[in-house]
Amino acid sequence: MKKIGAVVGATRPLVDAEIIDLRYQVGQTGRTISPKLYIALGISGAPQHICGMIKSSKVIAVNKDKDAEIFNYSDIGFVADVFDVLKCINKCIK
Ligand SMILES: Cc1cc2nc3c(=O)[nH]c(=O)nc-3n(C[C@H](O)[C@H](O)[C@H](O)COP(=O)(O)OP(=O)(O)OC[C@H]3O[C@@H](n4cnc5c(N)ncnc54)[C@H](O)[C@@H]3O)c2cc1C
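The present account deals with the structure reproduced in this document.

Reading the values: rules and limits
- Residues numbered from 1 in each chain as written.
- Predicted model: local features only at pLDDT ≥ 70, side-chain atom pairs only at ≥ 80, totals over all residues.
- Heavy atoms only, no water.
- Patch = residues over 30% accessible without salt bridge, like charges linked within 9 Å, V, L, I, M, F, W, Y side chains within 5 Å.
- Areas by Shrake-Rupley, 256 points an atom, 1.4 Å probe, with all protein chains shown as cover.
- Salt bridge = Lys/Arg side-chain N within 4 Å of Asp/Glu carboxyl O.
- Lys, Arg positive; Asp, Glu negative; His and termini not counted.
- Charge placed at Lys NZ, Arg CZ, Asp CG, Glu CD.
- Helix = DSSP H or I, 4+ residues; strand = E, 2+ residues; numbered from the N terminus.
- Pairing = 2+ DSSP bridges.
- Axes fitted to C-alpha atoms, helices over the stretch in contact; angles between N-to-C directions.
- Buried < 20%, exposed > 50% of the residue type's maximum accessible area, 1.4 Å probe, protein only.
- Contact = heavy atoms within 4.5 Å.
- Near = heavy atom within 4 Å.
- Polar contact = N/O pair within 3.5 Å; in protein donor to acceptor, adjacent residues only side chain to side chain.
- Nonpolar A, V, L, I, M, F, W, Y, C, P; charged D, E, K, R; others polar.

1. Looking at a positive patch on the surface
Next, step 1: On the surface, Lys3, Lys87, Lys91 and Lys94 cluster together into a positively charged patch.
Next, step 2: By the element assignment, Lys3 lies in the segment before α1 (12-16).

If you want it as structure tokens, here you go:
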């Protein structure tokens, strides 16, 4: 994350499962963000999440479900497995 100057955000299920702290949650019951680039990795695009990131300048989404709602809010969308994409990103920024 540091290599590309990124900050982590999360959806509510991860917070509810205590995988990540509430301060990272984006959405209706979390934070509202407006980054230059929002990269949605395995995000379904539920309205409660969308309302927290809709002000992002550009959105890139990766989801293995071609019908995922997040693609309707994305400038660029990849129908792919997040873990494959992360491997590629890691290689590129090494
Ligand atoms: C009152 C209320 C308030 C809420 N507030 C918030 C809020 O503030 N923020 C918030 O985020 N949610 C909030 N929610 C929850 C919200 O409705 C959704 O349940 C939540 O946003 C879904 O999170 P998700 O997209 O991570 O999970 P899911 O809906 O489980 O979607 C996971 C997605 O990841 C994809 N996926 C899975 N594995 C892979 C893989 N390996 N590669 C690629 N794609 C993959 C799936 O295709 C799916 O689209 C709230 C709900 C309620 C009722």
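2. Notes on the sheet that holds strand β1 (residues 37-41)
Next, step 1: With parallel pairing, three strands are arranged side by side in an open sheet as β1-β2-β3. What marks the edges here is a single partner per strand, and that holds for β1 and β3 (76-79). On average, each strand axis in the sheet is tilted by 10° relative to the strand beside it, whichever way the strands run.

3. Observations regarding the side chain of Gln25
Next, step 1: Mapped onto the fold, Gln25 is located in the loop between α1 and β1.
Next, step 2: Its relative accessible area of 4% is what places Gln25 among the buried residues.
Next, step 3: If sequence neighbours within four positions are ignored, Gln25 has contacts with Ala10, Thr11, Arg12, Val15, Gly30 and Arg31.

4. Section: the site of the ligand
Next, step 1: Inspection of the region around the ligand gives 22 residues, with Thr11, Val26, Thr29, Ser44 and Asn63 positioned closest.
Next, step 2: Contact distances for the ligand include 3.1 Å between a nitrogen atom and a backbone N or O atom of Lys64.
Next, step 3: Backbone polar atom of Val82 to a nitrogen atom of the ligand: 2.9 Å apart, as the coordinates give it.
Next, step 4: Coverage of the ligand by the protein chains reaches 68% of its 990 Å² of free accessible surface.
Next, step 5: Elements supplying a minimum of two residues to the shell around the ligand: α1, α2 (47-53) and α3 (82-92).
Next, step 6: A class-by-class count of the residues in the shell around the ligand yields seven nonpolar, eleven polar and four charged.

5. So, the pattern of salt bridges
Next, step 1: Here the structure, examined in full by the defined rule, presents three salt bridges.
Next, step 2: Salt-bridge contacts for Arg23 lead to Asp21; the nearest nitrogen and oxygen are separated by 3.4 Å.
Next, step 3: Accessibility expressed as a relative area gives 40% for Asp21, which makes it partly exposed.
Next, step 4: Among the ionic pairs, Lys66 bridges to Asp67, the shortest N-O distance being 3.3 Å.

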